[in-house]
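One letter stands for each residue in the lines below.
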Amino acid sequence: MQIDKTLENGKLSLSLAGRLDTTTAPDLEAEMALDGVSEIAFDLSRLEYISSAGLRILLTAQKAMTAAGGKMTVADPNATVAGVFAITGLDSIFTIVRTDARP
Amino acid sequence: MLRLATQLRLRLFVLVAVSFGMATWTLWKGESIRARNDVETLLRINYRDLLTGFTDRADYQLSTIARDIANRLGTSGKLASEDIAAICREEEIAEIYDVDARGTVVGGSRIVGADMHAGEQSAFFLRLLDPDGPETLAQPDMPRTSDGKVFKYAAARFPDGSGYLEVGWSEERFLKHLRQRAYGYTRSWHIDERGFIILADSSGTVTSHADMSLAGKSLAETTGLDPGAIPVGTVFRATIAGTDMFCLAGPVRDYLAILADPADDVFASRDRFMPRIAAVQLAVFAALFFLVSRMLRKRVAEAVSRTGDALRRIAGGDLAGRADVRTSLEFAELSDNINATVDALRNAAAERVRRIEAELELGRTIQRAALPTDFPSGEGFRLDAAMQAAREVGGDFYDFFRIDGTHVAFLVADVSGKGITAALYMMTAKTLLKETLLALHDPAAALGKANAELCANNPANMFLTAWVGVLDLETGVVAYANAGHNPPVLVGVRKPDGGAGDVRFLKGKPDPVLAFADGIPYHLRTVPLAPGDALFLYTDGVTEALDSRQALFGEDRLLAAIRAVAEPDPHELCTVVRAAVAAFSEGIPQADDITVLAIRHIAPLRTVSRSFPPTREGISAAAAHLDGALADHPALAPLLPRLHIILDEIASNIVRHSGASGFVVDVTPGANGVQLAFIDDGTPYDPLASDEPDTSLGAAERPIGGLGILMVKKMASSLSYRRSRNRNCLTVGMEAPRPPAG
């Protein structure tokens, strides 16, 4: 999996490409240093799929942000990833945003 | 049985005839009685006349003698100087008296000087002294004089009124007169036309008769009557000289008078007038008969007949017919009752039709319910079937089911007959075939066993045809047996060069029908299906469908319809053939059930299996393995993301928690989708038994664990777990989306 990370003024932007599963989860984990982070923005537009290992990381991040009064967004999940969020009910927990106007 | 009109007429005729008879008889009787009464009156009148006439003459004669003598003498007082004896001799009188104006006898045979006033008898003639009175008088009685002699007296006034002259006959003289009188007195006396009077003296000798030649003969001889037995004073009927006569006998002085009138004359008027009356009566009664008869016929017999006609029409099937005869109250009621009955009948008939329809519906429901409609999306085959019932339930059915993991059974059958019986038998046969196939696997053996069962218990003598096949999903070979059923159509897949596939009948002599005779050997045959080939089964409802010209759909049209299908997709085949039959027999009601079943052999299952170490690297390798297995199945590519997720979850679980020494991943791609199997030797763990996490909890409350299994459960089309030989075996199936229709 390829991770593009930027940290700017407390906003952590992570763009993921490829697969977020058991194998690749540790790589993302390594990037989740949240000190001084008040906002996390995940860009999932290039993510093929996500397994529970990846969900765990996202959920942990969401909890941390909520507790710290910060904000987290998850942008442009594809159909598979969006389906996973729906199945697990995480679509009501994550703030899912779409950046293009296409329905 | 006579008609009502005739019966009424007969009775009326009898009644009228009897009435006529009675009327006529009564009239006859009346006339007879009247005639009798008339003859009695007549005879009595004549008798009375006879009586008075008989003695009148005597009075007259004696009176004349008295007058003559009185005229000759001219005056009272002269008699004394006459020769009285000579006068008496001359006049044949016994006594003569000259009575003067004072009533004193001044001359005569005796008692000269006597006063006529003295005696009652003598005083009788004093009336003659009255100048306004009669000139002559005759005394009717025959008084007895003091000396016992009986005389008849008469007297005449002297012309100068100076007295009267009385004369008297002696009894002998009177009797002599009477005798003279009695002789032939009645010779010209006719009673009515031919009646007469017979006078006979006290010795029974006839003195007077209409036929005087009979005078002097005895009464008995003349009349044939017994003189001692003749009733006196009442009219009697007797035969006199051969003639039937009405008679009245009565005494006239010392004589017996028999007055007789012939019965024929008595009844003459009756006899003459009765026939005419009878004829008139006959005419009247006949007219009465005809009028009443006609009225009865119109009012009764015709009304009855019309009602009968209405009933006959209704009974003949015209339930809408009505009786409407309203000539009288009773007939109006009868018509109403008939109509009410017919209405009730019609409702009952409609009710019965409704019930029959309900029964038919029930039969159809049974039939429909029995047939599986859950067409399998199994590995290695596609199947579709349809049964289109005729209006009256027939006995077609199809069936399909897995025998084991690699064999699928399918069949089509046709039970003889129609109705609920066929439907129920169909259920029995279907169950039996399924049972035997599941038990024996071999179609021929299954048919043999089923046949034995069906023959053992066949009270309704039903039989059925059946074609049974078992498809081996790995080899594509269909083992089959045919019990008297139509040969299926083998539909070949399109050739690699693009040419159309072969379409031909799977010929072969069928074995006999089921349930007909026991002990029949059924033969097992096989036919290979290449991947993509299909077998099309049907019942004779297809080939024997009729069009409006009574032409059969037939086998050629079936082949043509099938050839028109591009790819032998079962659903396509069934739809197209059904549509072809429907178009062919448009407008004609479906006579028999139409059943179609098509099964297609999809590419055989090829499982790719590899084992991996229980590490992260192992999981990674398994993911690569999955990608490799599906590389040749681009159609299944959309399933990959989810398959990877599932693989990741299961494999992670195994690696993290099971303590297994390794795990195996089997990937089985198919036309239908993909099947994954995970086998590990770790601790027993059934993911299906775990609780699902509560996805309604908020982020703060949500536990991290359990999400993986949830995702697997939600994404997989099928999931099954088995613990066998110390291995956990989890099978996950994911269906490919169906190709769009058309």
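Residues numbered from 1 in each chain as written. Chains lettered and ligands numbered in written order. Predicted model: local features only at pLDDT ≥ 70, side-chain atom pairs only at ≥ 80, totals over all residues.

Student: If you had to explain the packing of helix H8 (residues 329-370) of chain B against helix H9 (residues 419-440) of chain B to someone new, which residues and values would you point to?
Tutor: All names here are of chain B. Relative orientation of the contacting elements H8 and H9 amounts to 15°, with a least axis distance of 9 Å. Considered as vectors, H8 and H9 are oriented roughly parallel to each other. Considering the relative orientation of H8 and H9, their crossing is left-handed. Counting all contacts with H8, which are made through Glu-359, Gly-363, Ile-366, Gln-367 and Ala-370, the residues of H9 involved are Gly-419, Ile-420, Ala-423, Met-426, Met-427 and Lys-430. Among the residues making up the contact of H8 with H9, the classes are represented as six nonpolar, three polar and two charged. (Axes fitted to C-alpha atoms, helices over the stretch in contact; angles between N-to-C directions. Helix = DSSP H or I, 4+ residues; strand = E, 2+ residues; numbered from the N terminus. Parallel < 35°, antiparallel > 145°, perpendicular 65-115°, else oblique. Left-handed = near helix turned anticlockwise from the far one by under 90°. Contact = placed C-beta atoms within 7 Å. Nonpolar A, V, L, I, M, F, W, Y, C, P; charged D, E, K, R; others polar.)

Student: Help me get a handle on the sheet that holds strand S10 (residues 255-262) of chain B, residues and values and all.
Tutor: Residue and element names in this part refer to chain B. With antiparallel pairing, five strands are arranged side by side in an open sheet as S7-S6-S10-S9-S8. This sheet does not close on itself; its edge strands, each paired only once, are strand S7 (206-208) and strand S8 (235-240). Between one strand axis and the next, the sheet turns by 40° as a mean value, whatever way the strands run. Packing against the sheet, helix H1 (residues 4-73) makes contact with strand S6 (196-200), S8, strand S9 (243-252) and S10, and its axis sits at approximately 40° to S9. (Pairing = 2+ DSSP bridges.)

Student: Any chance you could break down the nonpolar core for me, citing the residues and the numbers?
Tutor: One recurring pattern in soluble globular proteins is that nonpolar side chains are buried together. One finds Leu-411, Leu-447, Ala-466, Val-468, Phe-536 and Ile-562 of chain B to be the most contacted residues of the largest nonpolar core, which totals 70 residues. With residues near it in sequence (within four places) discarded, Leu-447 of chain B still touches Ala-466, Val-468, Ala-481, Ala-483, Leu-514 and Tyr-522 of chain B. Residues Leu-16 and Ile-93 of chain A together with Ala-629 and Leu-639 of chain B belong to the second largest nonpolar core, which totals 60 residues. (Core = buried A, V, L, I, M, F, W, Y, C linked by C-beta atoms within 7 Å. Buried ≥ 20, exposed ≤ 12 C-beta atoms within 10 Å, placed from the backbone.)

Student: Lay out the sheet that holds strand S18 (residues 525-528) of chain B with the relevant residues and their values.
Tutor: Residues and elements named next belong to chain B. Strand order in the open sheet formed by five strands is S12-S13-S14-S15-S18, with antiparallel pairing between adjacent strands. Each having just a single partner strand, strand S12 (395-404) and S18 make up the two edges of the open sheet. Between one strand and the next, the sheet's axes are offset by a mean angle of 20°, whatever the strand orientation. Together, S12, strand S13 (407-415) and strand S14 (464-472) form the strand contacts of H9, whose direction differs from that of S12 by roughly 20°.

Student: Tell me what's going on with helix H12 (residues 554-563) of chain B, and back it up with residues and numbers.
Tutor: All names here are of chain B. Along H12, the residues that are buried comprise Leu-558, Ala-561 and Ile-562. In an axial view of H12, the angular spread of the buried residues amounts to 95°, which keeps them on one side of the axis. Exposed and facing more than 90 degrees away from the buried side of H12 are Asp-556 and Ala-560. (Arc of directions from axis to C-beta.)

Student: Now, about unusual backbone geometry: what can you tell me, with residues and values included?
Tutor: Residue and element names in this part refer to chain B. Backbone geometry at His-441 places phi at a positive 65°, although glycine is not the residue there. Mapping His-441 onto the fold places it in the loop between H9 and helix H10 (443-456). With phi around 60°, Asn-726 is a residue other than glycine that occupies positive phi space. Turning to its location among the elements, Asn-726 is positioned in the loop between strand S24 (718-724) and strand S25 (727-735).

Student: Talk me through the interface of chain B and chain A; I want residue IDs and the actual numbers.
Tutor: Across the contact, 23 residues belong to chain B and 21 residues belong to chain A. Contributing elements (two or more residues each) for the side of chain B that touches chain A: helix H14 (616-629), helix H15 (640-658) and helix H16 (707-715) of chain B. In terms of residue count, H15 of chain B provides more of the side of chain B that touches chain A than any other element does, seven residues in total. Per-class residue counts for the side of chain B that touches chain A are ten nonpolar, seven polar and six charged.

Student: So, the environment of Val-513 of chain B: which residues are in play, and what are the values?
Tutor: Residues and elements named next belong to chain B. When you line up the elements, Val-513 lands in the loop between strand S17 (503-505) and S18. Exposure remark for Val-513: the 18 C-beta atoms within 10 Å place this residue in the partly exposed category. Measuring from C-alpha to C-alpha, the distance between Val-513 and Thr-465 comes to 5.0 Å, with 48 residues separating the pair along the chain.

Student: So what's going on with the environment of Phe-290 of chain B? Which residues, and what values?
Tutor: Residues and elements named next belong to chain B. Along the polypeptide, Phe-290 turns up in helix H7 (residues 268-315). A residue is classified by how many C-beta atoms lie within 10 Å of it, and Phe-290, with 13 of them, is partly exposed. C-alpha separation for the pair Phe-290 and Arg-9, spaced 281 residues apart in sequence, amounts to 8.9 Å.

Student: Account for the pairing of S14 of chain B, with residues named and values stated.
Tutor: Residue and element names in this part refer to chain B. Counted residue by residue, S14 has eight buried out of nine residues, so it is predominantly covered. Here nine bridges tie S13 to S14, and the two strands are oriented antiparallel to one another. Counted as the bridge partner of Val-412 is Trp-467 from S14. Sheet analysis places S14 next to strand S15 (residues 477-483), joined by six bridges and oriented antiparallel. In the sheet register, Ala-466 faces S15, and the bridge partner there is Ala-483. If you look at the hairpin formed by S14 and S15, you'll find four residues sitting between the two strands, and Gly-476 has a positive phi there, around 80°.

Student: Which residues make up the packing of H15 of chain B against H16 of chain B, and what are the values?
Tutor: All names here are of chain B. Remark: H15 packs on H16, axes separated minimally by 9 Å, with the N-to-C direction vectors making an angle of 140°. As far as their axial angle goes, H16 and H15 are oblique. Handedness of the crossing formed by H15 with H16: left-handed. Two secondary-structure elements touch here, H15 through Arg-642, Ile-645, Ile-646, Glu-649, Ile-650, Ser-652 and Asn-653 and H16 through Gly-708, Ile-709, Met-711, Val-712 and Met-715. Of the residues assigned to the contact of H15 with H16, the class counts are seven nonpolar, three polar and two charged.

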